[in-house]
Amino acid sequence: MKNINDILASEITPQNIFEKRRQLIKLAAMGAFGLSQAEVFSRNAFAQSGPKLPAKVNPQYFVADKLTSYKDVTTYNNFFEFGTDKADPARNAHTLKTRPWTVSVEGLVNKPKVWDIDALLKLAPMEERVYRMRCVEGWSMVIPWIGYSLSHLIKASEPQGSAKYIEFISLADPKQMPGLSSRVLKWPYTEGLRLDEAMNPLSLLTFGLYGEILPNQNGAPIRITVPWKYGFKSAKSLVKIRITDKEPATSWKVSAPSEYGFYSNVNPEVNHPRWSQATERRIGAEGGMFAPKIKTLPFNGYAEQVAHLYKGMDLRKFY
Amino acid sequence: MKALLIGIGLLPLVRLIVLGYQDDLTANPIEFITRSTGTWALVFLCLTLAITPLRRLTGISQLIEYRRTLGLFVFFYACLHFSIWFWLDHGLVFSEMIMDVIKRPFITVGFLSFVLLIPLALTSNQWAVKKLKRNWARLHQLIYLIAPLVILHYFWHKSGKNDYFTVSIYGAVLLILLAFRLRLRFKQ
């Protein structure tokens, strides 16, 4: 029989709870704010099941709002490749195969390369960042993402002098994605940013959330997160990144140019033609369903970091 | 029998209450409840309009006794659908609600259908039938205007996602039911 002193804590405690505890300790170490978030983490610990993705909390990118629960973040998604209902991706995305997976970086770069996902995971240290996410439909969440600034990958690819834009192309495989049979959008899903937007440290190349690798329905194995723009700008399940000198033809803009522009910065003063963008419903807000809507902030509250990118531009015209 | 029908008709509401109690109304409960009550109003509208064709096809004339109950359930769920939107989307501010009705066509037709249902619900009693005589039947023909408006409301709602599958099923059901009536009228 084993001596009681030889038993490791990890043998008694299930792995995921053990990891959670470590996370709690880490958060608690951040002080009072860490403690307020710790309660949220522990409450959600049991809903999570995916493989862990270790990351260091980046306190520079921490929103003090209450986190949206893991359950809500992973069961209420717009990912039309798996169906148009927001419950569809969680139901259908199990068919997505995230290994092997490669991302091709090409276009106006000196170092084009087909990256293996495992190489990308090691390109830069993983950070945990808590971002607000505002959907163009008028709801919002607060999500602890894991990843690193997209600028690391762009720098590694060495864009040429003529490079102005970056294009993100998502997987479009009808065998894995039942939603592709609908003609809602032109496939593959295509998104894009101006290169200076992409180089802003807020633009996050994202591999995980809530301490674990991305669930399929959230855009596994690799997506971008651009927190000052409406959610649809943050393309999921990327297979190709192209650096170009022309503004990419982005999927929603192609589908309905009068409703969705290339920039799509969160802007309470520019309404969608069919609804107001002045307020938003925070998913899982304190007070439950009777909680009043909250005011939407310019650039989703990230004006300090990104407003300078649009100096002199008429944001009503460049919506 | 009528009590049983009322019990069944209340089940969609009971389901919402149970789901709410279990904290299981999805991540966006208001959207879920609004859509659910809207869908059930439409289902009861289809059932109400199915009574006359069913009577003709089966020869069971007692079915007519249940039409009023079903019709009132249309109004009941439409009321919930409207109230939740007015309350939780517009905070019971009348002017804001009206602005939304004016601004968004899909809201305009939805609101219009609801308003048109009100006189029908108010006259769904024996007293009104006797009082209005022939005009009662004329008034209740409004349903032939309400049904397409409701479908248009749903259709425009779905147009943002180009997702017309569900709404076309309801549209087809209503179309068949209305076509049946037209045929009856031509025969007479």
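To keep things clear, this report deals only with the structure shown in the data block. Everything numeric here is computed off the predicted structure, so don't read it as measured data.

Observations concerning unusual backbone geometry
Residue and element names in this part refer to chain A.
- Here the residue pair W187 and P188 is connected by a cis peptide bond, since its omega of -5° sits within 30 degrees of zero.
- Relative to the assigned elements, P188 resides in the loop between β6 (165-170) and β7 (190-194).
- The omega torsion of the bond from A220 to P221 falls at -5°, within 30 degrees of zero and hence cis.
- With respect to the secondary-structure elements, P221 resides in the loop between β9 (212-213) and β10 (223-225).
- Even without glycine at this site, F299 takes up a positive phi of about 50°.
- Along the chain, F299 turns up in the loop between β13 (294-295) and α10 (303-306).
- By C-beta crowding, F299 is classed as buried, having 22 other C-beta atoms within 10 Å.

So, the packing of helix α8 (residues 143-159) of chain B against helix α9 (residues 165-187) of chain B
Residues and elements named next belong to chain B.
- At a minimum axis separation of 10 Å, α8 and α9 run at an interaxial angle of 165°. In terms of their interaxial angle, α8 and α9 are classed as roughly antiparallel. Of the two elements, α8 crosses α9, and the hand of that crossing is left-handed. In this structure, α8 contributes Y144, A147, I151, Y154, F155 and K158 to the contact, and α9 contributes V167, Y170, G171, L174 and L178.
- When its residues are assigned to classes, the contact of α8 with α9 shows nine nonpolar, one polar and one charged.

So, the packing of helix α3 (residues 67-89) of chain B against helix α5 (residues 105-122) of chain B
All names here are of chain B.
- Put simply, α3 and α5 touch, their axes get as near as 10 Å, and they point 140° apart. By the angle class used here, α3 and α5 are oblique. Once α3 is placed against α5, the crossing between them reads as left-handed. Contacts between α3 and α5 involve G71, L72, V74, F75, A78 and F82 on the former and, on the latter, F114, L117, L120 and A121.
- For the contact of α3 with α5, the per-class residue count stands at nine nonpolar, one polar and no charged.

Some points on the sheet that holds strand β3 (residues 113-116) of chain A
All names here are of chain A.
- Within the open sheet, the five strands sit side by side as β3-β2-β11-β6-β7. Their pairing is mixed. If you trace the sheet from one side to the other, it starts and ends with β3 and β7, each paired once. Neighbour-to-neighbour, the strand axes of the sheet open up by a mean angle of 20°, direction not taken into account.
- When β6 meets strand β11 (residues 238-244), the two strands line up antiparallel, connected through six bridges. Within the sheet, the bridge partner assigned to F168 lies in β11 and is I241.

Cut-off values and rules
Counting restarts for each chain: residues are numbered from 1 in the order of the written sequence. As they are written, the chains are lettered A onward and the ligands numbered 1 onward, keeping that order. The model is predicted, so local features are restricted to residues of pLDDT at least 70 and side-chain atom pairs to those at 80 or more, both for listing and for counting; the totals for chains, interfaces and linings are taken over all residues. Put simply, DSSP marks the helices as runs of H or I at least four residues long and the strands as runs of E at least two long, and each gets a number from the N terminus on. Burial is judged by counting the other C-beta atoms within 10 Å of a residue's own C-beta: 20 or more makes it buried, 12 or fewer makes it exposed, and any count in between marks it as partly exposed, with every C-beta position built from the backbone. A fitted line through C-alpha atoms represents every axis, and for helices the fit uses only the stretch in contact; the resulting angles, taken between N-to-C directions, go from 0 to 180 degrees. Oblique is the label for every angle not falling under 35 degrees (roughly parallel), over 145 degrees (roughly antiparallel), or within 65 to 115 degrees (roughly perpendicular). Helix crossings are classified by the rotation of the near helix relative to the far one: an anticlockwise turn of less than a right angle makes the crossing left-handed, while a clockwise turn makes it right-handed. Note on contacts: each residue gets a C-beta atom placed from the backbone, and two residues are in contact if those atoms are within 7 Å. In this classification, Asp, Glu, Lys and Arg are treated as charged, Ala, Val, Leu, Ile, Met, Phe, Trp, Tyr, Cys and Pro as nonpolar, and every other residue, Gly included, as polar. Note on pairing: DSSP must find at least two bridges between two strands before they are called paired.

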